[in-house]
Amino acid sequence: MNLLLDTHVFLWAIDDDPRLSNAARAAIIDGNNVVFVSAATAWEISIKKAIGKLTIPQGSYLDELRLHRFTPLNITTEHALAVADLPPHHKDPFDRLLIAQAQIEKLTLVTADVRIKQYAVQLIEA
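Okay, so let's go over this structure. (Residues numbered from 1 in each chain as written. Predicted model: local features only at pLDDT ≥ 70, side-chain atom pairs only at ≥ 80, totals over all residues. Heavy atoms only, no water.)

Here we take up the pattern of salt bridges. Following the criterion strictly, the structure yields six salt bridges and no others. A salt bridge links Arg25 to Asp16; the shortest N-O distance between them is 2.7 Å. Residue class for Arg25 comes out partly exposed when judged on its relative accessible area of 22%. For Asp16, a relative accessible area of 55% gives the class exposed. Taking the shortest distance from any N to any O, the salt bridge between Asp113 and Arg115 comes out at 3.1 Å. Here Arg115 falls in the partly exposed class, since its relative accessible area comes to 41%. (Salt bridge = Lys/Arg side-chain N within 4 Å of Asp/Glu carboxyl O. Buried < 20%, exposed > 50% of the residue type's maximum accessible area, 1.4 Å probe, protein only.)

Moving on: the pairing of strand 2 (residues 34-38). With four of five residues buried, strand 2 lies mostly within the body of the structure. Relative to strand 2, strand 1 (residues 2-5) runs parallel, the two sharing three bridges. Across the sheet, residue Leu3 finds its bridge partner in strand 2, namely Val35. Of the pairings in the sheet, the one linking strand 2 to strand 3 (residues 71-73) comprises three bridges and is parallel in character. Paired with Val37 across the two strands is Pro72, which belongs to strand 3. (Helix = DSSP H or I, 4+ residues; strand = E, 2+ residues; numbered from the N terminus. Pairing = 2+ DSSP bridges.)

Now the structure itself:
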């Protein structure tokens, strides 16, 4: 299975946060799954870090990707354009981009955001 982590799930995973569900944790650590983290997550983290709303535990973003063997997922023009075709269930631009990426790349999105259930995307509840 190919997974795409929502930003909060990425942060929970690198911090071994107890809020991460057992199902999500098992999927993330399963060596048969490829775990992607979007460039949108780096963008969101950078913005929140710059305004003092977030710190990343245990080091830098890129260090965490390598340490946890997560695969970076770049944002393509196709991903960006697909956001326009999504119904307006969710207003957060980062989440809308993750939904578009999951749909286009056929990834299972790992999230605790219940609003994302309204979209045609495979989910694992975090």
